[in-house]
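Close look at the chain arrangement
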Amino acid sequence: MESEPTTPTESFAQLGLCAPLLRALGDVGYEVPTPIQARTIPLLLAGRDLIGQAQTGTGKTAAFALPMLQMLDPDLGRVQGLVLTPTRELALQVAEAVHTYARYLKRVGVLPVYGGQPFHTQLKRLQQGVQVVIGTPGRVMDHLRRGSLNLGALRMVVLDEADEMLRMGFIDDVDWILSQAPEGRQTALFSATMPPPIRRVAKGHLRDPETVQLAHRNLTVPTVEQRCLNLSEGQKFDALTRILGTRENDAVLVFARTKLGCAELASKLQAQGWAAEALHGDLSQAQREALVRRLRARQAEIVVATDVAARGLDVEHITHVINYDIPYDAEAYVHRIGRTARAGRAGAAVLFVTPRERRMLQEIERFIGNRIPPMKMPTKADVATRTVALFKENVAETLGKGGMDLYLNLVEEMAQEGGFDMAEVAAALARLALGDKTIEASLEPEAAAVPEPEQGMVRLFLGAGTKVGVRPADVVGAIANEAGVPGKEIGSIDVYERFTFVEVPARYQAKILKSMAQSTIRGRPIHIKPAATERGPRGKPRTGEARPPRAKRAPKTKQSPPGNP
Ligand code: AMP
C-alpha cells in the first residue's frame, strides 16, 4: 500500500486512560481518539476545567465520560459525577455510553434522571447509591430541592450541549445547580456555540478553564460530485445496497465509524452476495496489502473502512465514497472524499445523514464552503433497471467474444426438442438469469410525486407500449369496443415504451378487467390490471405490480447512478 503523509495519531492508551477503559474501547471498536477526545481527555485527567466547543458527532461524550469514569472512587457509593443534558434522549444516550465504557470497571452505578419518569423509581435508585447521574436540569433541580440528590461528594460536573440548554430555557436552572455543587469539583462545559449567557455561566462557575476549539487546517476540498441522503439509522443498509445496485462499475469505499461497525457491515454485504471486504486497524500489513491487490484486480469491489485504516489507500478506480456513518469532523470528511476522483477521474461521494446529524452536515458544508445537495433514495426500479442494463452489456460482451458454436447447438437443440422458437428459448434463459422480480421491477417507473387519479377514476396498467406500436387511440378503441365504455369517459392515457397507463371511471373497472383479460392490442396480449398506487396494500409485496408513473414523463431506460450524473 502506498503511504501518504499522515499525521501521527495518538492512541487512547497514550492519552493516559486506564486498562479497563481501554479494554471497553477495544470492545466498541474505536481505533483512535477523535480530535476532541485527543485534546480534552488529557486535560480532564489532569484535573483541569474545560470549555469544549464541539457538537454531537465529534465524539464529545467519550471525551468527558472516560475521564469522569477514571476518577470515580468505586468504593464510594455516592454521586461523584453529574452530567446535565438538554433532553431526555440525550440523557439516555449519554447514560448508555457511560455504561458501555464502564463495563470493565468495578461496579459503577449510572442513573439517568429526567422529567416524565416516575419520581419514586429514581428515588429508589438514588438511595441505593449511584456514582454517576445524568439528567435534565429541571429534574436534577427537583431532586436537589427534595434532598434525594446530594452533591456533597461530587468530583466532576459536565454541561453537555450548553447552548441547547440555554435555548430551551434551562440556563437559570443550570446556574442554580452549579451553585449547589462543592467548590473543589471539576467542571467541563461543552457547547457548539458560545453565546454571552453561556460565557457568563463559564465565568461564574469554571476555574481557569482551558478552551478546546478544533482549529481546522486549510485543506483543499477535492472536486467530487457530492450528495447527501437524509435517512433514519434503520434505512441505512437498504439505502447502501440500492446505491451499490445502481452504480456503474468500479470500486466503492464505504466509511463506518468503528472497527466493529466496519466488520459487521462488510459481512452483511457479503451475505447478500457483494464482493465486500472490511479494512480496519486490526488487519496486519500483509492483509491490507492483499486487500489492495484484490481491489486492483477487481476481485474486491467494495471496501468498508474506518477513517484511520483508509488513510493512504490509493486505488485509482475507487469512484464512489459512501459515508455510511457521518465522519466525526469536517476534516475527516474531506479526507474521506479525497479517496475518490484520483488521477483526474470523476468521483462521487454520498453522505448519509440521520436527523440527529443535521448539525454535523451544516458544519461540513461550512467547512467545505459549499452546500451538499440532497439526493433521492434510489428506488427498487432504479436498481432493477441497472441490473437489466448490466445483463445486456454482459450478454453483448459474451457475444462479442465469439466461440458460441457449442451454445448455439444447445439452444437449437432446446428449440427443436420443445417446438419453441429460438427467441423463446433465449427469453427463458434471460428469465432464469435475471429472475422475475428484476425484470418486473425494471418496468416499474418511479413512484415519487405520482398524481393520484382524479376523483372517481382508477388507473389501469397495460403491459404493452410504444415498442409494439401502441397509440392512445388503440387503447381508447380497445376499451370502448370490448368493455363498452364510452370513449369520452376514458381519462388520461400515458403510453410508455413497454407499458401504458390509462385512467377509467372506477365504476367500469371490474367490467373492463373482465372483458379485456384476454384482449390484444396490435396482436399483443395486454395483461391489463389495476396499477398499484403508492398507498398499496400493506404487507403485500409490490414487486411485479405496475406503479403509476410520474405525469407525462418518458420512462427511464438507463439510469445513471446517484450522485454520478
Ligand atoms: P458523540 O459526538 O459523543 O455523540 O459521538 C458520536 C458517535 O461517535 C457515537 O456513535 C460514538 O460511539 C462514536 N465515537 C466516539 N468516539 C469515537 C472514536 N474514537 N472512534 C470511532 N467512533 C467514535
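Residues numbered from 1 in each chain as written. Predicted model: local features only at pLDDT ≥ 70, side-chain atom pairs only at ≥ 80, totals over all residues. Heavy atoms only, no water.

Side note on the sheet that holds strand β12 (residues 318–323)
- Strand order across the open sheet formed by six strands is β8-β13-β12-β9-β11-β10, with parallel pairing between neighbours. Of all strands in the sheet, those with a lone pairing partner are β8 (225–230) and β10 (276–279), marking the two edges. Here the average twist between neighbouring strands, direction ignored, is 20°.
- Bridge count between strand β9 (residues 251–255) and strand β11 (residues 302–305): four bridges; the pairing is parallel. Paired with Phe255 across the bridge in β11 is Ala305.
- Here helix α10 (residues 236–246) sits on the sheet in contact with β8, β9, β11, β12 and β13 (348–353), set at roughly 165° to β13.
- Set on the sheet, helix α15 (residues 358–368) makes contact with β8 and β13; between it and β13 the angle comes to about 145°. (Pairing = 2+ DSSP bridges. Helix = DSSP H or I, 4+ residues; strand = E, 2+ residues; numbered from the N terminus. Axes fitted to C-alpha atoms, helices over the stretch in contact; angles between N-to-C directions. Contact = heavy atoms within 4.5 Å.)

Here we look at the packing of aromatic side chains
- Per the stated rule, a full pass over the model turns up six aromatic pairs.
- Centroid distance Phe64 to Phe190: 5.5 Å. Interplanar angle 45°. Geometry classified as tilted. With Phe64 in helix α3 (residues 60–70) and Phe190 in strand β6 (residues 186–190), this pair connects stretches of sequence that are 126 residues apart. The exposure classification of Phe64 matches that of Phe190, with both residues buried.
- A ring pair is formed by Tyr324 and Phe352, whose centres lie 5.7 Å apart and whose planes are at 45°; its orientation type is tilted. Taken together, the positions of Tyr324 in the loop between β12 and α14 (330–337) and Phe352 in strand β13 put the pair 28 residues apart, joining distant regions of the chain.
- Taken together, the aromatic side chains of Phe461, Phe499 and Phe501 make up a single cluster linked through ring pairs. (Phe/Tyr/Trp six-rings, centres within 6.5 Å; stacked < 30°, edge-to-face > 60°. Buried < 20%, exposed > 50% of the residue type's maximum accessible area, 1.4 Å probe, protein only.)

Focus on the sheet that holds strand β14 (residues 457–462)
- Pairing is antiparallel across the open sheet formed by four strands, whose spatial order is β15-β16-β14-β19. The two strands at the open ends of the sheet, each matched to only one other strand, are β15 (493–495) and β19 (529–530).
- Across three bridges, the pairing between β15 and strand β16 (residues 500–505) is antiparallel. Pairing of Val495 across the sheet is with Thr500, part of β16.

Topic: the packing of helix α6 (residues 137–146) against helix α8 (residues 171–180)
- Following both chains from N to C, one finds α6 and α8 inclined at 40°, their axes separated by 9 Å at the closest point. The angle between α6 and α8 places the two elements in the oblique class. The handedness of the crossing between α6 and α8 is left-handed. Across from Pro137, Gly138, Val140, Met141, Leu144 and Arg145 in α6, the residues of α8 making contact are Asp173, Val174, Trp176, Ile177 and Gln180.
- Among the residues making up the contact of α6 with α8, the classes are represented as seven nonpolar, two polar and two charged. (Parallel < 35°, antiparallel > 145°, perpendicular 65-115°, else oblique. Left-handed = near helix turned anticlockwise from the far one by under 90°. Nonpolar A, V, L, I, M, F, W, Y, C, P; charged D, E, K, R; others polar.)

Observations concerning the layout of surface pockets
- Looking at the largest pocket, its volume works out to about 1,400 Å³.
- Looking at the largest pocket, it is lined by 41 residues, and the ones nearest its centre are Tyr30, Arg257, Thr258, Asp325 and Glu357.
- Broken down by secondary-structure element, the contributors of at least two residues to the lining of the largest pocket are α1 (19–28), α3, α4 (88–101), α10, α11 (259–271) and α13 (307–310).
- When residues of the lining of the largest pocket are assigned to their parent elements, the largest contribution, seven residues, is made by α4. (1 Å grid on protein atoms, 1.4 Å probe; cavity = no way out; pocket = protein on both sides within 12 Å on 5 of 7 lines; lining within 4 Å. Points joined across faces, edges and corners; volume = space filled by probe spheres on them.)

Digging into the side chain of Thr258
- Position of Thr258 among the secondary structure elements: in the loop between β9 and α11.
- Classification of Thr258 as buried rests on a relative accessible area of 16%.
- Within the structure, Thr258 has its side chain in polar contact with the backbone nitrogen of Gly261 (distance 2.9 Å).
- For Thr258, the contacting residues outside a window of four places in its chain are Val28, Gly29, Tyr30 and Thr306. (Polar contact = N/O pair within 3.5 Å; in protein donor to acceptor, adjacent residues only side chain to side chain.)

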